[in-house]
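Here are the chains, one letter per residue:
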There are 4 protein chains.
Amino acid sequence: MIIELKSQATTEDLGRLQELVRGPFRTTKYLEMSGRRFIAISGARRDVSHDAIASDPAVAAVTSPDATTFFCRREFSPERTSQIPLGTQNIGDGKLRVIAGPCTVEGSDELYETARQIKRLGAHALRGGAFKPRTSPYNFQGLGFGGLELLAEVGRQVGIPIVSEVLDPRDVGKASSYVDMIQIGTRNMTNQALLKSLGAAHRPILLKRGSSSRLEELVRAAEFIVYEGNPLVALCERGIQTFETATRFTLDIAAVPTLRRMTHLPIVVDPSHAAGSRDLVTPLALAAAIAGADALLVEVHIDPERMIKPGDDAQALRIDEFAELLAQLRTVLAAVGRELAPPLGIGSHQSAVRPRRHEPNPLNVTSRRVVSRTR
Amino acid sequence: MIIELKSQATTEDLGRLQELVRGPFRTTKYLEMSGRRFIAISGARRDVSHDAIASDPAVAAVTSPDATTFFCRREFSPERTSQIPLGTQNIGDGKLRVIAGPCTVEGSDELYETARQIKRLGAHALRGGAFKPRTSPYNFQGLGFGGLELLAEVGRQVGIPIVSEVLDPRDVGKASSYVDMIQIGTRNMTNQALLKSLGAAHRPILLKRGSSSRLEELVRAAEFIVYEGNPLVALCERGIQTFETATRFTLDIAAVPTLRRMTHLPIVVDPSHAAGSRDLVTPLALAAAIAGADALLVEVHIDPERMIKPGDDAQALRIDEFAELLAQLRTVLAAVGRELAPPLGIGSHQSAVRPRRHEPNPLNVTSRRVVSRTR
Amino acid sequence: MIIELKSQATTEDLGRLQELVRGPFRTTKYLEMSGRRFIAISGARRDVSHDAIASDPAVAAVTSPDATTFFCRREFSPERTSQIPLGTQNIGDGKLRVIAGPCTVEGSDELYETARQIKRLGAHALRGGAFKPRTSPYNFQGLGFGGLELLAEVGRQVGIPIVSEVLDPRDVGKASSYVDMIQIGTRNMTNQALLKSLGAAHRPILLKRGSSSRLEELVRAAEFIVYEGNPLVALCERGIQTFETATRFTLDIAAVPTLRRMTHLPIVVDPSHAAGSRDLVTPLALAAAIAGADALLVEVHIDPERMIKPGDDAQALRIDEFAELLAQLRTVLAAVGRELAPPLGIGSHQSAVRPRRHEPNPLNVTSRRVVSRTR
Amino acid sequence: MIIELKSQATTEDLGRLQELVRGPFRTTKYLEMSGRRFIAISGARRDVSHDAIASDPAVAAVTSPDATTFFCRREFSPERTSQIPLGTQNIGDGKLRVIAGPCTVEGSDELYETARQIKRLGAHALRGGAFKPRTSPYNFQGLGFGGLELLAEVGRQVGIPIVSEVLDPRDVGKASSYVDMIQIGTRNMTNQALLKSLGAAHRPILLKRGSSSRLEELVRAAEFIVYEGNPLVALCERGIQTFETATRFTLDIAAVPTLRRMTHLPIVVDPSHAAGSRDLVTPLALAAAIAGADALLVEVHIDPERMIKPGDDAQALRIDEFAELLAQLRTVLAAVGRELAPPLGIGSHQSAVRPRRHEPNPLNVTSRRVVSRTR
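Residues numbered from 1 in each chain as written. Chains lettered and ligands numbered in written order. Predicted model: local features only at pLDDT ≥ 70, side-chain atom pairs only at ≥ 80, totals over all residues. Heavy atoms only, no water.

## With respect to the overall build of chain A
Thinking step 1. Check the secondary structure of chain A and you find 11 helices and 15 strands.
Thinking step 2. Here chain A has a C-alpha radius of gyration of 21 Å; the compact-globule value for 375 residues is 21 Å, and the two agree.
Thinking step 3. Taking the principal axes of its C-alpha atoms as reference, chain A extends roughly 65 × 45 × 40 Å.
Thinking step 4. Counting over 375 residues, chain A shows a buried share of 67%.
Thinking step 5. For chain A, restricting intrachain contacts to residue pairs at least 6 apart in sequence, the fraction spanning at least 24 positions comes to 72%.
Thinking step 6. Carbon and sulfur atoms make up 49% of the accessible area of chain A, which totals about 12,200 Å². (Helix = DSSP H or I, 4+ residues; strand = E, 2+ residues; numbered from the N terminus. Rg over C-alpha atoms; globule rule 2.2 N^0.38 Å. Buried < 20%, exposed > 50% of the residue type's maximum accessible area, 1.4 Å probe, protein only. Contact = heavy atoms within 4.5 Å. Areas by Shrake-Rupley, 256 points an atom, 1.4 Å probe, with all protein chains shown as cover.)

And the structure:
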């Protein structure tokens, strides 16, 4: 339940309203977002009088008591897609961006070479996994912070923003000092402790859809992050679990226009994990671009046969295939009046090694929590 | 288990081989397809000697005893997609074709007007349902043969081929005299009595994927039709059943390149039933075209609000939206070096009312069945 | 939309009501069921005045225009489960019945021996497939009517009712003269031409759930059969398609109590096809009995290793395992106050070879169709 | 890849073997489990010589390089189910145990009364959620550690072990001091940071199956916990996500015998969350008991209508319904030669408030990690 305050509402009004909604099994929180002010109520709502709130002179609007999302809904920003910074560019400005790189960070030489080549071809960010959620404890779990350090160093040298996954709430703070965008993987979309920890991350989030989660659940997961204070979330369709076995996952291409209707958050598509095989990546990537994706997340490796993680070599594009994909994307986007975002300039990326904050915060969020759990 | 005969194999050779594979719980069948000759063995195979057959001097090749498909596999025609006649044009020749029209045949005036307008805009066939598989006996079940007659008459007057669904093996023969292409709907992909009855249909088949069937099962369903003597089958992806509820079905866009790998049969995509809402049809149709579909099946109605079947008005494009879709398809296809097939000419379609046969049969199938069930 | 007439409604009243609801794209039908009289309206209903009908003095009740099922709903018979004859016994009388036998009819000796042994142990009917829906045209498709003849002959000699599947509407009439209960398989639950053809079958129907069909869709499929004049339908849960691969299908055990709430039709469970392996059949069968099933359908073979159909030997119980299952069922049912139905007597089954009708029809259905399609 | 050492292997042997398998992108770990000694190798294995290891005189056995589970597999303990302590009793000793209580801890009075009554009726542990993973940030997120404290206090006063869910790796240590068994919920089965943190938990784990996870994935999740040093894991089937909408989830009853084949870990079934409605809980619970479950997890509330979390009142049994369930369980178990475990005695549970360790560790795990990441 979200109360929007009128612009002229005073501190006194705020106090009166908080008093009005105080109650057992309930938390209230004050948030400023996009220059608007809100009181969010979580928890038991049966005894909250919707009518009393709605008729309060300081209240501009109040949602239904049962609303499960608010700040991420399309209605919060009916006209435009939110823009999420990725280095010096913004995902969501209408142009297509391409995030590319290996599934897993392995060695510095290959990573540097991959980064250099994808930047030269026109990619807008380098992805690579340092913390790997795996099917078994006996698989390689990634290089951890060593891998993030390597990524940050390569990003700094090559001049390209970096994107990497975090698995543990305890790692979010430190990881934020290395990466330009934090990825939350499909296995953790319902990991609410991790989602909540991103509220204080000071980094934009790439939130992947759970492989068995409905789009409504994906938007709700984003709402957890935004509610905790981080409005910089991009949503990523990456294939869903179905009965079909010919592909690794089933890319839900309709997710792109459907999410556009549901939310103002920008939409990313990962054709690589859905496909599971190299020859499907290009048709799926083109289809996603045509359907309106704001960015693509594509697995690229300079030497797929040498990858450590077994199986993943099957879906990583080689450099020449990636070059061909970018060429086709340019042509196809032009046909629908869009374009691939310009390549990164030489000085386009600042050092990623030292901790940074994105300033100013585009949606200008501040929040203060007031808890009332007495009964 | 399929035995391919050498071109110089004699009738004597054929007899010897049939004698060799005769046995209880087993059927053998002689087929000619694409100028090649085969003996197909169905049923119990444990006691058939694969080695004895493979080493027979008249045998060119023999499949594994466990092979479940053969004539529909990509390997049967590695180089090119099969072409399926649709009136005077062929689906599968590289150009995109668009089959459009209302879900259900209702009245002659609207149908005529719809046909006239979609032909004028560039559609290549008119679709409309006369036999409707429905969720309940209390829903309108379609006009039956009266509807087919209406479709055929409109097709003849306007000069456009027609496509319509058949539900009952008993109706296949008569329906073949009205329509240019027989559609088998998603609910009947596993209806093997119906599939087998299409072997003698003398009409190309538009076989829709079962909404919970894997692509491999779709190809197997086509194999039933081809095995029974009708090689003219196009496969149609129309959305699959998943956990997602934001769309009616989940369009499996990867089905297009995946089927291309698996089979030489042409591939059709129906974005309308997958979407379930009008505003998703265009992005899905464009994505399907980009992914390589040979044809699209699009629901169009001149006045969606007046449709009888409740719910279906939500997904039918209006004429102006259909015109816009065709314009976008032309641009997008050009970007990938393809094109929309040319519009139908004035004299491009012959009367569809009287029974016809497509001559000559492109794959030149003849078959003779030899049954041996004695034990 | 279903109108129930008052008991004192006259022929004149019936005529007036039929005139009232006549209209384009609409069919009306008069039915008597369980001593009650109805007019069912199918098709376009927008212009039918619900109020005018509801206030007619001859009308007892009228359903919502959007109702998709009526005669099969629990509300039609709130107090008791319908009883479906199986030879001289009735499925649905509270006692558990067990239908057992091989997946496929192969040879007469094994079939006779299987029938004799399962009857001796306490089974209530013999199942066996003569028309087999298969994954490929190259699999054994069954012995057809020859197999049905064999089944009927064995049933007559051993004195046990027989159950077998029919695939084609053209075979329903002839098959009815051989079998005591017609099975509709999972692949044909949505085959509406076949469902409708069962209306005139004069045999009870065992309707298997489509492997990807919701329970509501299963009840709707049954409604098609009942609406066409055959109220003798039992519903069969046989496992659904899910992402789990450790079992062939996922047995939906909750389907039993859920269907009990939704419908008055008796409920059968097939643990064999769900399990796909022999050692799971007994725990699943016991669970189904405990959950309240009216009957079980169990695959039993006197020599599973010798079966023709590859794979099916994995799930067929051997005779000694079947004996053990029946013993456990007796004990477990007693614990919940139920019992296994008594074994068949020596004279308990009449010849199944000649065509028969079940007299009297328990729900006493008669129907007359009045079609009005003029516009 | 797991190497089992011969019992007479020396420290020198161990050193030689660790040297043999050392390499880049690889971690080795020494574990003792059930009195046996192992070296586990995680990560890149392409260059590890399986033959060289297998022929080493100190090696008893070595798994395939691709094995994803080992300690949790049935083969590790072919004869018997592992026993997991729950207070003074053990889950997995053949008798059925019942864990009952409210979904969410709300107030102390209701909780105390619920605990007292379920213990009196024969329940073996009290469940209740203090950290609640929710569909939205606007739902009540639970009382947190305050709730755990309440649970522990009630458990101490009433003398009943307590089970509660943990969401965040940062909470595992502190939560372990309050609860007797840590529950990992369905949304976190793939949360590997949380799974790994349980290795040091010193509390048995109730690991719920992800609602879209295959049984093989559930066993792999357990392997993460065991590999990290905590062998005390029970697996819980709680319904899976399917296309069926009549029930909240589809209880996979075959999971019980299937898991029994796959793993030696004890098996718990939660019929409440699968059902989503009260009247289905009892038939599902009985079916689970018959199918062989070691324990049940049942939602019970003394006053379901007063629950805070909307919707959950629909599935919570009332006290009298719970009493009836226990009575039926006793009868049904007796029919298959099992029994409900005896009720807790007056002095059967020690204070749960102060931190405890289970001594001695039944599987006697110790581990030492040796990392080699240099390249």
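There's plenty left to go through after this.
## Some details on the sheet that holds strand S14 (residues 295-299) of chain A
Residue and element names in this part refer to chain A.
Thinking step 1. Read around the closed barrel, the eight strands follow the order S7-S8-S9-S10-S11-S12-S13-S14; overall the barrel is parallel. For this sheet the average axis-to-axis angle between neighbouring strands, irrespective of direction, equals 25 degrees.
Thinking step 2. Two elements, strand S13 (residues 267-269) and S14, share two bridges in a ladder whose sense is parallel. Bridge pairing in S14 places valine 268 opposite alanine 295.
Thinking step 3. Together, strand S7 (97-101) and strand S8 (125-127) form the strand contacts of helix H3 (residues 108-121), whose direction differs from that of S8 by roughly 145 degrees. (Pairing = 2+ DSSP bridges. Axes fitted to C-alpha atoms, helices over the stretch in contact; angles between N-to-C directions.)

## Quick word on the interface of chain C and chain B
Thinking step 1. Across the contact, 54 residues belong to chain C and 54 residues belong to chain B.
Thinking step 2. Here chain C packs against chain B, burying approximately 4,200 Å² in sum over the two surfaces, 51% of which is carbon and sulfur.
Thinking step 3. Sorting the residues of chain C by area buried against chain B places Phe25(C), Pro137(C) and Tyr138(C) first, and these three jointly supply 19% of that buried surface.
Thinking step 4. Applying the counting criterion to the chain C and chain B interface returns zero salt bridges.
Thinking step 5. Scanning the region where chain C abuts chain B turns up 18 residue pairs in polar contact (both at pLDDT 80 or more).
Thinking step 6. Broken down by class, the residue content of the side of chain C that touches chain B amounts to 21 nonpolar, 17 polar and 16 charged. (Buried area = accessible area lost by both parts, 1.4 Å probe. Salt bridge = Lys/Arg side-chain N within 4 Å of Asp/Glu carboxyl O. Polar contact = N/O pair within 3.5 Å; in protein donor to acceptor, adjacent residues only side chain to side chain. Nonpolar A, V, L, I, M, F, W, Y, C, P; charged D, E, K, R; others polar.)

## Overview of the relation of the copies chain A and chain B
Look at the two chain copies: a rotation about an axis and a shift along it is all it takes to match them.
Thinking step 1. When chain A is fitted to chain B, the best match, at an RMSD of 0.0 Å, comes from turning it 180 degrees and sliding it 0.0 Å along the axis. A rotation of that kind, with that shift, is consistent with a two-fold axis. Residue Ala287(A), judged by its C-alpha, is the member of chain A lying nearest the rotation axis, at 2.2 Å.
Thinking step 2. Same-surface contact between copies: 100% of interface residues of chain A are shared with the interface of chain B. (Least-squares fit on C-alpha atoms with pLDDT ≥ 70 in both.)

## Notes on the relation of the copies chain C and chain B
Thinking step 1. The transform that puts chain C on chain B rotates by 180 degrees and translates by 0.0 Å along the axis, for an RMSD of 0.0 Å.
Thinking step 2. A shared interface surface links the copies, since 100% of the contact residues of chain C are contact residues in chain B too.

## A few points about the pattern of salt bridges
Residues and elements named next belong to chain A.
Thinking step 1. Per the counting criterion, the structure on display carries 84 salt bridges over all chains.
Thinking step 2. One salt bridge in this structure joins aspartate 56 and arginine 16, with 2.7 Å as the shortest N-O distance. Here aspartate 56 is found in the loop between helix H2 (50-54) and strand S4 (59-62), whereas its partner arginine 16 is found in helix H1 (residues 11-21), with 40 residues between them in sequence.
Thinking step 3. By relative accessible area, which is 9% here, aspartate 56 ends up buried.
Thinking step 4. On the accessibility criterion, arginine 16 (36% relative accessible area) is partly exposed.

## With respect to helix H4 (residues 145-158) of chain B
Three or four residues apart is the spacing at which side chains of an α-helix point the same way, because the helix has 3.6 residues per turn.
All names here are of chain B.
Thinking step 1. Between its first and last C-alpha, H4 extends 20 Å over 14 residues, near the 20 Å set by a 1.5 Å rise per residue.
Thinking step 2. Among the residues of H4, Phe145, Gly147, Leu148, Leu151, Ala152, Val154, Gly155 and Val158 are the ones counted as buried.
Thinking step 3. Packing partners of the buried residues in H4 comprise helix H3 (108-121), strand S8 (125-127), strand S9 (162-165) and helix H5 (172-176).
Thinking step 4. Backbone geometry just after H4 places glycine 159 at a positive phi near 80 degrees. (Expected span 1.5 Å × (residues − 1).)

## What to know about the interface of chain A and chain B
Thinking step 1. Between chain A and chain B, the contact holds 35 residues from the first and 35 residues from the second.
Thinking step 2. Roughly 2,800 Å² is buried in total at the junction of chain A and chain B, and carbon and sulfur atoms are behind 72% of that figure.
Thinking step 3. For the interface between chain A and chain B, the tally reads eight residue pairs in polar contact (both at pLDDT 80 or more).
Thinking step 4. Contributing elements (two or more residues each) for the side of chain A that touches chain B: helix H8 (255-262), helix H10 (278-291) and helix H11 (319-335) of chain A.
Thinking step 5. Looking at the side of chain A that touches chain B, the element that brings in the most residues is H10(A), giving eight residues.
Thinking step 6. When grouped by side-chain class, the residues that make up the side of chain A that touches chain B number 18 nonpolar, 11 polar and six charged.

## Some thoughts on the environment of Asp279(B)
Thinking step 1. Among the structural elements, Asp279(B) can be located in helix H10 (residues 278-291).
Thinking step 2. Distance from Asp279(B) to His301(B), taken between C-alpha atoms, is 15 Å for residues 22 residues apart in sequence.
Thinking step 3. There is a polar contact of 2.9 Å between the side chain of Asp279(B) and the side chain of Arg261(A).
Thinking step 4. At 2.8 Å, the side chain of Asp279(B) and the side chain of Ser277(B) are in polar contact.

## Regarding the pairing of S7(A)
Residues and elements named next belong to chain A.
Thinking step 1. Along S7, five of the five residues are buried, which leaves the element largely enclosed by surrounding structure.
Thinking step 2. Along S7, one buried face is formed by Arg97, Ile99 and Gly101 and the opposite face, lined by Val98 and Ala100, is buried too.
Thinking step 3. Here S7 runs beside S14; their pairing, made up of five bridges, is parallel. Following the sheet pairing, glycine 101 is matched in S14 by glutamate 299.
Thinking step 4. Note: S7 against S8, two bridges, orientation parallel. Each bridged residue has a counterpart across the sheet, and for alanine 100 the counterpart in S8 is leucine 126.
Thinking step 5. Running through H3, the crossover from S7 to the neighbouring parallel element S8 is right-handed. (Right-handed = clockwise from strand over helix to strand, strands pointing away.)

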